[in-house]
Amino acid sequence: MKGIVPEEWAPRELRHSFVSLLSAHDVPIEQISRLVGHTNTIVTETVYRKQIRPVMQEGATVMDEIFPLIPKS
């Protein structure tokens with residue numbers, strides 16, 4: 001993938017990213033758990049899944065207020 005340096009990624013980071021990205025794209029947690037070899041969803045949800053969507057939206061909202069596209073008059 002363009003922009004990604006493989007030597008800078010560790011297997012643990014790849015697993016977290018894999019789970020988080022699939023979750024952010026609405027793949028059911030049961031399917032993700034099976035893909036990463038878990039027997040149930042508990043470890044997948046509590047250890048590997050990092051919810052990135054809400055954080056990104058909140059941060060983007062604040063940045064839009066700080067740097068509006070159209071300056072307030």
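Residues numbered from 1 in each chain as written. Predicted model: local features only at pLDDT ≥ 70, side-chain atom pairs only at ≥ 80, totals over all residues. Heavy atoms only, no water.

A. Seen up close, the overall build of the protein. Each helix and strand in the protein was counted, giving four helices and zero strands. Overall, the protein shows an N-to-C arrangement of helices and strands of α-α-α-α. Counting over 73 residues, the protein shows a buried share of 18%. For the protein, the proportion of contacts with a sequence separation of at least 24, taken over those separated by at least 6, is 45%. (Helix = DSSP H or I, 4+ residues; strand = E, 2+ residues; numbered from the N terminus. Buried < 20%, exposed > 50% of the residue type's maximum accessible area, 1.4 Å probe, protein only. Contact = heavy atoms within 4.5 Å.)

B. Up close: the pattern of salt bridges. A complete count under the given rule lists one salt bridge for this structure. Across the pair Arg-49 and Glu-45 runs a salt bridge, and its minimum N-O distance is 3.5 Å. Arg-49 gets classed as partly exposed once you look at its relative accessible area, which sits at 24%. (Salt bridge = Lys/Arg side-chain N within 4 Å of Asp/Glu carboxyl O.)

C. Quick peek at the nonpolar core. The biggest cluster of nonpolar side chains holds five residues, and these are Val-19, Ile-29, Ile-32, Val-36 and Tyr-48. Non-local contacts of Ile-32, meaning those with residues more than four positions away in its chain, are made with Val-19, Leu-22, Ser-23, Val-27 and Thr-44. (Core = buried A, V, L, I, M, F, W, Y, C linked by side-chain atoms within 4.5 Å.)

D. Expanded view of the side chain of Ser-33. Structurally, Ser-33 is set in helix 2 (residues 29-35). Of the polar contacts made by the side chain of Ser-33, one reaches the backbone oxygen of Asn-40; its length is 3.4 Å. If sequence neighbours within four positions are ignored, Ser-33 has contacts with His-38, Asn-40, Thr-41 and Thr-44. (Polar contact = N/O pair within 3.5 Å; in protein donor to acceptor, adjacent residues only side chain to side chain.)

E. Structural view of the confidence of the model for the protein. The predicted model of the protein has a mean per-residue pLDDT of 81, with 88% of residues at 70 or higher. Ranking the elements of the protein by mean pLDDT puts helix 4 (residues 53-66) last, at 74, and helix 2 first, at 93. (pLDDT = per-residue confidence, 0-100.)

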